[in-house]
Amino acid sequence: ISITDLFGEDTIDIEHTLPYSRSLDNSLQNKTVCFKEYNRKIKQNRLPSRCPNYDDILGRIKSWEEKVR
C-alpha cells in the first residue's frame, strides 16, 4: 500500500485480521491496513488461512520471520 493510497480517496480499510464477527477482538493488535476492495470482496469474515491468496500472503511475510525470531 503506497502512501498516496493510504491518505488518498476511499481505497483503504482498517480490517480485523481475525474477523471481529468471529473473535469479538477489536484490539489494535488485531487490526491491519488493507485495500478496501480486498477486505470486503475477498477476505470478508474469513480467517487469513482460509483466504484464497494465503500462499501469496505467506510469501510476502516470509522475510519477517527471521526478524521476529
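Higher on the page you've got the structure.
Each chain carries its own residue numbering, running from 1 in the direction its sequence is written. A pLDDT threshold of at least 70 governs which residues receive local features in this predicted model, and a stricter bar of 80 or more applies before side-chain atom pairs are shown or counted, although totals over entire chains, interfaces and linings include all residues. To get the side-chain values, take all heavy atoms of the structure and skip hydrogens and water.

(A) Layout of the overall build of the protein. Secondary structure counts use DSSP, requiring at least four H or I residues in a row for a helix and at least two E residues in a row for a strand, with both numbered from the N terminus. Within the protein, the secondary structure is distributed over four helices and two strands. Across the protein, helices and strands are ordered from the amino to the carboxyl terminus as α-β-α-β-α-α. Viewed in the frame of its principal axes, the protein has a C-alpha envelope of about 35 × 30 × 25 Å. Burial statistics for the protein: of 69 residues in total, 17% are counted as buried. Long-range pairs, those at least 24 residues apart, make up 39% of the contacts in the protein between residues at least 6 apart in sequence. Accessible area for the protein stands at about 5700 Å²; split by element, carbon and sulfur atoms hold 54% of it. This count recognises Lys and Arg as positive and Asp and Glu as negative, with His and chain-terminal groups excluded. In this description, the location of a charge corresponds to atom NZ of lysine, CZ of arginine, CG of aspartate or CD of glutamate. The distance from the centre of the 12 positive side-chain charges to the centre of the 11 negative ones in the protein is 5 Å. For every residue, the accessible area obtained with a 1.4 Å probe (protein chains only) is divided by the maximum for its type, and the residue is called buried under 20%, exposed over 50%, and partly exposed between those limits. The contact criterion used throughout is that any non-hydrogen atoms of two residues lie within 4.5 Å. For the accessible areas, the method is Shrake-Rupley and the probe is 1.4 Å, while residue cover comes only from the protein chains on display.

(B) Region of the structure containing the pattern of salt bridges. Here, a salt bridge means any side-chain nitrogen of Lys or Arg that lies within 4 Å of a carboxyl oxygen of Asp or Glu. In this structure the tally under the stated criterion is four salt bridges. The salt bridge involving arginine 40 is made with aspartate 13; its shortest N-O contact spans 3.0 Å. With arginine 40 in helix H3 (residues 36-43) and aspartate 13 in strand E1 (residues 12-16), the pair connects residues that are 27 residues apart, well separated along the chain. A relative accessible area of 53% places arginine 40 in the exposed class. By relative accessible area, which is 8% here, aspartate 13 ends up buried. Among the salt bridges present, the one from glutamate 65 reaches lysine 62, with a minimum N-O distance of 2.9 Å. Residue glutamate 65 and its partner lysine 62 are located together in helix H4 (residues 54-68), separated by three residues, close to a single helical turn. For glutamate 65, a relative accessible area of 34% puts it in the partly exposed group.

(C) Fine view of the side chain of asparagine 39. For asparagine 39, the position within the fold is in helix H3. Leave out the neighbours within four places in its chain, and asparagine 39 touches Asp13, Glu15, Cys34 and Gln44.

(D) Looking closely at the environment of glutamate 15. Note on placement: glutamate 15 falls in strand E1. By relative accessible area, glutamate 15 is classed as buried at 7%. Taking the C-alpha atoms as reference points, glutamate 15 and valine 68, 53 residues apart in sequence, are found 22 Å from one another. Not counting residues up to four positions away in its chain, the partners in contact with glutamate 15 are Asn30, Lys31, Thr32, Cys34, Asn39 and Lys43. Reaching out from glutamate 15, the side chain makes a polar contact with the side chain of threonine 32 at a distance of 2.5 Å. A distance of 3.1 Å separates polar atoms of two side chains, one belonging to glutamate 15 and the other to lysine 43. Side-chain atoms alone can form a polar contact between residues adjacent in sequence; in general such a contact is a pair of N or O atoms within 3.5 Å, and within protein one must be able to donate a hydrogen while the other accepts it.

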